[in-house]
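Here are the chains, one letter per residue:
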Amino acid sequence: MAKMILSMDGLVLKEIALNKERTTIGRKPHNDIQIDNLAISGEHAVIVAILNDAFLEDLNSTNGTYVNGQSIKKHVLKDNDVVELGKYRLKFLKDAQDTSTTSSFERVMLNAPEASKLGATPRAHTETMIGFGSETSQTESWITSPDGPAPTADDPIGVVQIISGRNAGRELELAKSLTTLGKPGVQVAVITRRPHGYFITHVEGDSFPVLNGRQLDAQAHLLGDHDVIEIAGVKMEFYLRSKVA
């Protein structure tokens, strides 16, 4: 399990396991990681942990959030990243299994016109990216499908079908544990496959994804058959596909 190590001036103060979907950081007592210092905002930052991935977001703090010396608004945490909050440091550590696979990471990335020519999703060891940018946007959007546990023989597989933009009609099976959808810097969400269904969670962007015409909040939401999702201006339909005997 991933964890954060809180320190100040080289002295380790505590270790915090990221065993919640959202871990808040701030000066106020209700935060999961409370740092009682005036340089820290009441609600300074939040870490969203989904499976083996962790996303750090600054919550418009007064003095900002820094990772490895660089000011950030949103950041995907990597092993050994150091989050700096005033005089305090939070070191992010993944467990041994996660870090051992980092070196084998391989990514395939296609822009929308190239992706539309392919009859099948390209393969990668860890992550596949397929552009599905809208007709009116020149900024590439993407879908990622990291490797995860294989589906059981009896469970139906979730599918998202794009219903707007240049790649309308394309489908992606959600057979992996986690699938990321969106447009970096604009709006990003993840769909996680859990034993009791598929859940969508917002992870990046000032505005939240829309589900069946209603804007989501920061919590994970269970997806139902034929739900319509809108992320970064792209509409897609989620449905369950039964296994063929």
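This one's a predicted model, so the numbers in the text were calculated from it and none came from an experiment.

Student: Tell me about the overall build of the chain, residues and numbers included.
Tutor: Assigned secondary structure in the chain consists of two helices and 24 strands. Summarising the internal contacts of the chain: among those between residues at least 6 apart in sequence, 39% fall at separations of at least 24.

Student: If you had to explain the confidence of the model for the chain to someone new, which residues and values would you point to?
Tutor: Here the chain averages 75 in pLDDT, while 74% of its residues score no lower than 70. For residues 96-142, every residue scores under 50 in pLDDT, and the model assigns this stretch 96 contacts once sequence neighbours within four places are set aside. Long-range and interchain partners of residues 145-151, a stretch whose pLDDT sits below 50, account for 25 contacts in this model, where long-range means more than four residues apart.

Student: So, the nonpolar core: which residues are in play, and what are the values?
Tutor: Counting 21 residues, the largest nonpolar core has Ile-25, Ile-35, Ile-47, Leu-56, Val-83 and Leu-90 as the members making the most contacts within it. Of all the secondary structure elements, the ones that give two or more residues to this core are strand 1 (3-8), strand 5 (45-50), strand 6 (53-58), strand 10 (82-85) and strand 11 (88-93). For this core, the element with the most residues is strand 11, which contributes three residues. In this view, Leu-56 contacts Ala-45, Val-46, Ile-47, Thr-65, Val-67, Ile-72, Lys-73, Lys-74, His-75, Leu-77 and Val-83; residues no more than four positions away in its chain are not counted. Core analysis: the next-biggest nonpolar cluster, separate from the first, contains 19 residues, Ile-162, Leu-181, Leu-216 and Leu-223 among them.

Student: Go over the sheet that holds strand 10 with me, naming the residues and quoting the values.
Tutor: Each strand in a sheet pairs with another by means of backbone hydrogen bonds, the pair being arranged parallel or else antiparallel. On the basis of which strands lie adjacent, the open sheet formed by six strands has the order 2-1-11-10-7-8 and antiparallel pairing. Either end of the sheet is taken by a strand with one partner, and the two such strands are strand 2 (11-17) and strand 8 (70-72). If you compare each strand with its neighbour and ignore which way they point, the axes differ by 30° on average. Here strand 10 pairs with strand 11 via four bridges, running antiparallel. Looking at strand 11, one finds that Val-83 is bridged to Leu-90.

Student: So what's going on with the sheet that holds strand 24 (residues 234-241)? Which residues, and what values?
Tutor: What the six strands build is an open sheet, ordered 16-15-24-23-20-21; its pairing is antiparallel. A single partner strand is all that each edge strand has here, and the edge strands are strand 16 (171-173) and strand 21 (214-215). Bridging between strand 20 (residues 210-211) and strand 23 (residues 227-231) involves two bridges; their strand directions are antiparallel. By the bridge assignment, Leu-211 is partnered in strand 23 with Ile-229.

Thresholds applied
- Counting of residues starts from 1 at the beginning of each chain's written sequence and follows it residue by residue.
- Since the coordinates come from a predicted model, pLDDT governs what is reported: local features require at least 70, and pairs of side-chain atoms require 80 or more to be given and counted, while whole-chain, interface and lining totals use all residues.
- Remark: hydrogens and water are excluded; side-chain values derive from all non-hydrogen atoms of the structure.
- In this description a helix means any DSSP run of H or I spanning at least four residues, a strand means any run of E spanning at least two, and both kinds are numbered starting from the N terminus.
- We call two residues in contact whenever any of their non-hydrogen atoms come within 4.5 Å of each other.
- On a scale of 0 to 100, pLDDT captures the predictor's confidence in every residue.
- What makes a nonpolar core is a set of buried Ala, Val, Leu, Ile, Met, Phe, Trp, Tyr and Cys residues whose side-chain atoms join them at distances within 4.5 Å.
- Relative accessibility thresholds used throughout: buried, under 20% of the residue-type maximum; exposed, over 50%; partly exposed, between the two (1.4 Å probe, protein chains only).
- Any two strands are treated as partners once DSSP identifies two or more bridges connecting them.
- A fitted line through C-alpha atoms represents every axis, and for helices the fit uses only the stretch in contact; the resulting angles, taken between N-to-C directions, go from 0 to 180 degrees.

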